[in-house]
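Results of the structural survey
The chain contents come next:
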Amino acid sequence: METRLYKCEYCRKEFLPVRRRVQKYCSNSCRSKSHHQKVKSGDKIGIDKPENKTNKTSIEKLSVAGVGNAAIGSAAVDLLKYAFTKEENKPATKSDIKNLAKKLKRYHVINNMKPNFMGQLAYFDIELSVVIYK
């Protein structure tokens, strides 16, 4: 067990540490206050102190070259995506859906149902969403 007293890095009081060589503060409240003080003053690593608080964030100006480069890059990505996507994975267009609707009939035979007692086959009516026999 540790017998040597340490000084708290926040309040400078002497304390007997519970975790030797690791504990820097006498309590959780001192540790928390120290952290908030560092964040507020900007002393924490990775935080730059603003030199002049009246300095407003500047907005980058648009340039024709920048817009052109962005348009060319976007077009190149779309072209490559279209070229390397398989036909079955491409999104359906309105004309694809219209062509599919033309191919669909109103009545479809249900193959896994037995004919009724009069020998009529079972059909599914797409418009009414019911099973009929005819």
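Here, the structure is the one placed above.
About the cut-offs
Residues numbered from 1 in each chain as written. Predicted model: local features only at pLDDT ≥ 70, side-chain atom pairs only at ≥ 80, totals over all residues. Heavy atoms only, no water. Phe/Tyr/Trp six-rings, centres within 6.5 Å; stacked < 30°, edge-to-face > 60°. Buried < 20%, exposed > 50% of the residue type's maximum accessible area, 1.4 Å probe, protein only. Lys NZ or Arg CZ within 6 Å of the ring centre and 35° of its normal. Helix = DSSP H or I, 4+ residues; strand = E, 2+ residues; numbered from the N terminus.

Description of the packing of aromatic side chains
- In total, this model carries one aromatic pair according to the counting rule given.
- Judged by centre distance (6.4 Å) and plane angle (40 degrees), the rings of Y6 and F15 are tilted.
- You can call Y6 buried: its relative accessible area is 15%.
- A relative accessible area of 8% means that F15 is categorised as buried.
- Over the ring of Y6 we find R4; its NZ or CZ atom is 4.3 Å from the centre of that ring.
- Over the aromatic face of Y82 sits the side chain of K90, whose NZ or CZ is 3.6 Å from the ring centroid.

Let's talk about unusual backbone geometry
- We note that R12 has phi near 65 degrees; this positive angle belongs to a residue other than glycine.
- Positionally, R12 belongs in the loop between β1 (6–7) and β2 (14–15).
- By relative accessible area, R12 is classed as exposed at 55%.
- The phi angle at S129 is positive, at roughly 60 degrees, despite the residue not being glycine.
- Here S129 is to be found in the loop between β4 (122–125) and β5 (130–133).

Function cannot be inferred from these measures alone, as they are strictly geometric.
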